[in-house]
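Take a look at the letters that make up each chain.
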Amino acid sequence: MQTIARRVARFSDLREDRAERVVVDGENILLVRHGDTVRAYAADCPHAGGPLEQGGLCHGRIICPWHKGTFDAATGNVLEPPPLVALDRYPVVVSSDDVIVAPRKQPQAVRHAAAAQPHYVVIGAGAAGAAACTALREYGFGGRLTLIGDDPHAPYDCTALTKFVLSADMAPADVPLLLAPDWLARHDVERIVAKVARLDVPRRTIHFAHGGQLTYDTALLATGSVPKLPAIAGIELGGVHVLRNRDDAAALVEAIGEDAEHTRVAILGGSFIGLETAAALRKRGTPVTVISPEKTPFARQFGERAGAMFRTLHERNGVLFHLDTKVVSLEGEAGRVHEVTLENGDRVAADVVLLDTGVAPATGFVEGLPLQKDGGVIVNAGMQAAPGLYAAGDIAVFPLHEHQEPLRIEHWRVAQQHARIAAQNMCGARHRYAGVPYFWTYHFGKNFEYLGHASEWDDIVIDGELERQQFVALYVKDGKVVAVLACERQAHTARLIDAMRGGVSCGDALALVQSVVARNSARPLP
C-alpha cells in the first residue's frame, strides 16, 4: 500500500540534545537532529519497547531509558545491548522549516553465509550466544556459523522469569524471544540443540553427549553458569527447585499451583534471583520466607543503608526473613519437603524450597585450557582465552579496568557486551571491553538500576529519598563515580551511563542529574 509523506514537525523546534516522538499514520517515529540533518527511526526500543525519547541523546548515541540499549544516532545501528538489531529507519526530508517523513520502514540488510569456511561456532544459546550471532553477521562474517546449546527454546529474555513469570503476569511460553523467530534461519545460522560433553580446545573439536563431534576454526564459549547445590541433608526431596531457565520457572510455577496463597515457599539465599522471586510470589499472595547467612540483603553490593531499605520494602510487603543463619537440613514427608531446619534451632514450614545458593561457571567440559579455581575462563580485554577461542558472560574473567585485577561479573547485559566485543574481534577487529556494566532488579513495582561496578567506595552520595525509592545514589572512589544505584530515575541513568564511559567526577555527576530535570521540563513539540 502506498504511503504518503507528511509534515511532522518544524525543524527549528528540534533540539540536538533531545530526540522527539511523532506519530505518522499509526507509526511511532523518533526524530533525531544533528546539525542540518534529521533522521527518523522507530521510536520504541526493539528489545522491550522502551520509549527512546525519554532516554538520552548524548555524543551521537541514542540511549534507551529502560535497559540502556544504545544506538548510533547517525545510523540506528546497535552500539550496546540488550537490543540486538538496528532501529528501523524511515525516509525523511527537511524542506525549509518543515520536517517531512514517509511512514514506510526501509528494509534492513539480511546477511547470508557466502562460504562454508571458515567455520565459527558459538557454544551457549542464551543472551550472549544470540548477541554473538547477530554481531558476527553484522560485522561481516560470511562463513559457516553454528549456534549450539542444550536449551530447546530459542534464545529468550531470561530476566523476565523472576520478574514476571513467577508473579503470573506472564506465562513461561510467553517470555519474549531475543530475536525474531526466523532470524537465525534468514541469516544462515545453523542451530544445534545438544549438550556438549567435551570441548578439546587445542584440537578445536566439540564432542557431543549423544555422540558425534564437530570441528571449528574459531569458537565463542558462552555457556553461562550452573547452580551450586549446597551439601545439606534433604536436598533430593521433591519440592526443592533451582531457577536458571524457562523450564525451571515453569516447574516452579507448577509446584506452587493455583492455590498460591496457601503454598509456603522458603528461599535459601538472598541474591537478586531470590529476592526478585520473593517479590513476584508475594504479588500472588504466596507466603514467602527468605533464609540467608547475610546480615543485610545486598549490603555487599550496595552498602548497609541501601540493603536495609530493600529489607524494609520486602517486609512491608509480607516477606519474612531469617538472616545471619544457615540451613542445617530439609525435612520431608512422603518424599516431599515440608520443613527447613536452621542452625539456630528455628524451623520454617515450607511446601516448596528454592535454592538461591549461588552459581558456578559452566565449564566442566572444557579440556586443554587452564581455568581458575572456580571454573572461570581467563580472557584478555578483547575476550580472547586462547588461539581460536573466545569467552563471554558469567564464565569470563576479564579486565574491567586497566591496572586492576580481572573479575567475573554475572550480569545478563554484560554477557551480551562481552559477546559483541568478541564477535568484532573474531571478524578481525582489535577492540577492548570499554563498556559500563549494567543490570536492573525489580521489587514490588519498583525498578532499581545499577550502573558500573564497585567492590569498594569512599562515600555514597544520594540525590533524592532512598527510603521512598526515589533516588540516585553515587558510589564514589577517589572522587570518581564508580557505580550508581537508582530508582525511578531512568532518564538520569541514561545520561549517567554515557558519562561513566569516560569517567565522571561526583560533582559532574550531580550536576548532570540536576540538569536532566530542567531538560525534561522543556516545551514539547506542538
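Our subject in this report is the structure included herewith. Values in this document were obtained by computation on a predicted structure and should not be read as measured data.

Description of the sheet that holds strand 29 (residues 366–367)
One open sheet accounts for four strands, arranged 17-16-15-29; its pairing is mixed. The sheet is open, and its two borders are formed by strand 17 (213–215) and strand 29, each paired with just one other strand.

Details of the sheet that holds strand 14 (residues 189–193)
On the basis of which strands lie adjacent, the open sheet formed by six strands has the order 14-13-12-18-32-31 and mixed pairing. Taken across any chain shown, the strands that pair with only one partner, and hence form the sheet edges, are strand 14 and strand 31 (384–386). The average angle at which neighbouring strand axes cross in this sheet is 25°, direction not considered. Bridge count between strand 12 (residues 119–123) and strand 18 (residues 218–221): four bridges; the pairing is parallel. For Val122, the partnering residue across the bridge sits in strand 18 and is Leu220. The strands touched by helix 8 (residues 412–426) within the sheet are strand 12, strand 18 and strand 32 (389–391), with strand 18 carrying the most contacts at an inclination of about 175°.

Examining the pattern of salt bridges
For the coordinates displayed, the defined rule picks out 32 salt bridges. Arg432 serves as the salt-bridge partner of Glu402, at 4.0 Å between the closest nitrogen and oxygen. With Glu402 in the loop between strand 33 (396–397) and helix 8 and Arg432 in the loop between helix 8 and strand 34 (438–443), the pair connects residues that are 30 residues apart, well separated along the chain. By relative accessible area, which is 56% here, Glu402 ends up exposed. According to the relative accessible area criterion, Arg432 is partly exposed, its value standing at 48%. Salt bridges sharing common partners tie together Arg21, Asp44 and Glu53.

Digging into unusual backbone geometry
Omega for the bond connecting Pro81 with Pro82 falls within 30 degrees of zero, at 20°, which places this linkage in the cis form. Considering the arrangement of structural elements, one finds Pro82 in the loop between strand 8 (78–80) and strand 9 (89–90). With an omega of -5°, the peptide bond running from Gln117 to Pro118 counts as cis. Of note, Pro118 is situated in the loop between strand 11 (98–101) and strand 12. Even without a glycine there, the phi angle at Gln469 is positive, about 60°. Mapped onto the fold, Gln469 is located in the loop between strand 36 (459–465) and strand 37 (470–477). According to the relative accessible area criterion, Gln469 is buried, its value standing at 4%.

Looking at the pairing of strand 21 (residues 265–268)
Residue alternation in strand 21 divides its side chains into two sets, Val265 and Ile267 and Ala266 and Leu268, and both sets are buried. With respect to chirality, the unit in which strand 21 leads through helix 5 (residues 272–283) into the neighbouring parallel strand 22 (residues 288–292) is right-handed. Summarising the sheet, strand 21 and strand 27 (residues 352–355) pair through four bridges and their orientation is parallel. Among the inter-strand pairings, Val265 is bridged to a residue of strand 27, identified as Val352.

What to know about helix 7 (residues 304–316)
With 13 residues, helix 7 extends 18 Å between its outermost C-alpha atoms, agreeing within 8% with the 18 Å of an ideal straight helix rising 1.5 Å per residue. Among the residues of helix 7, those classed as buried are Ala306, Gly307, Met309, Phe310, Leu313 and His314. In an axial view of helix 7, the angular spread of the buried residues amounts to 155°, which keeps them on one side of the axis. For helix 7, the exposed residues lying more than 90 degrees away from the buried face are Glu304 and Arg316. The positive-phi residue at the C-terminal boundary of helix 7 is Gly318, with phi of around 95°.

Considering the packing of aromatic side chains
To describe a pair of aromatic rings, you give the distance between the ring centres and the angle between the ring planes. For the structure on display, the rule yields 16 aromatic pairs. Ring centres of Phe272 and Phe298 lie 4.4 Å apart, and the angle between their planes is 20°; this geometry places the pair in the stacked category. With Phe272 in helix 5 and Phe298 in the loop between strand 22 and helix 6 (299–302), the pair connects residues that are 26 residues apart, well separated along the chain. As far as burial versus exposure is concerned, Phe272 and Phe298 are alike and both buried. Ring geometry for Phe272 against Phe439: centres 4.8 Å apart, planes inclined by 65°, an arrangement best described as edge-to-face. Placement of the pair is Phe272 in helix 5 and Phe439 in strand 34, with a sequence separation of 167 residues. The class for Phe272 is buried, based on a relative accessible area of 18%. In this structure an aromatic cluster arises from ring pairing among Phe272, Phe298, Phe302, Phe310, Phe439, Phe448, Tyr450 and Phe471.

Considering the side chain of Ser167
As for its position among the elements, Ser167 is in the loop between helix 2 (159–165) and helix 3 (183–186). Polar contacts involving the side chain of Ser167 include one to the main-chain carbonyl oxygen of Phe164, which spans 3.0 Å. When residues no more than four places from it in sequence are discounted, the contact partners of Ser167 are Ala280, Lys283 and Arg284.

The rules behind the values
- As a convention, each chain's residues are numbered from 1 in the sequence order in which they are written.
- Since the coordinates come from a predicted model, pLDDT governs what is reported: local features require at least 70, and pairs of side-chain atoms require 80 or more to be given and counted, while whole-chain, interface and lining totals use all residues.
- Excluded from the side-chain calculation are hydrogens and water; included are all heavy atoms of the structure.
- Strand pairing is assigned whenever DSSP identifies at least 2 bridges connecting the two strands.
- Helix and strand labels come from DSSP, where a helix needs a run of H or I of at least four residues and a strand needs a run of E of at least two; each type is numbered from the N terminus.
- Lines are fitted to the C-alpha atoms to define the axes, a helix being fitted only along its stretch in contact, and any angle between axes, read from their N-to-C directions, falls within 0 to 180 degrees.
- We call two residues in contact when some of their heavy atoms are within 4.5 Å.
- Throughout this description, the term salt bridge denotes a Lys or Arg side-chain nitrogen within 4 Å of a carboxyl oxygen of Asp or Glu.
- To sort residues, take the accessible area from a 1.4 Å probe on protein chains only and compare it with the maximum for the residue type: under 20% means buried, over 50% means exposed, and anything in between is partly exposed.
- Whether a crossover is right-handed comes down to one check: with the strands pointing away from the viewer, does the path from the first strand over the helix to the second run clockwise; if it does, it is right-handed.
- By this rule the span expected of a helix is its residue count minus one, scaled by 1.5 Å.
- Within this analysis, the arc is defined by the directions that extend from the helix axis to the C-beta atoms.
- Aromatic rings from Phe, Tyr and Trp, taking only the six-membered ring of Trp, are treated as a pair when their centres fall within 6.5 Å; an angle between ring planes under 30 degrees marks them as stacked, one over 60 as edge-to-face, and anything in between as tilted.
- Residues adjacent in sequence count toward polar contacts only when both atoms are side-chain atoms; beyond that, a polar contact is any pair of N or O atoms within 3.5 Å, and within protein one must be able to donate a hydrogen and the other to accept it.

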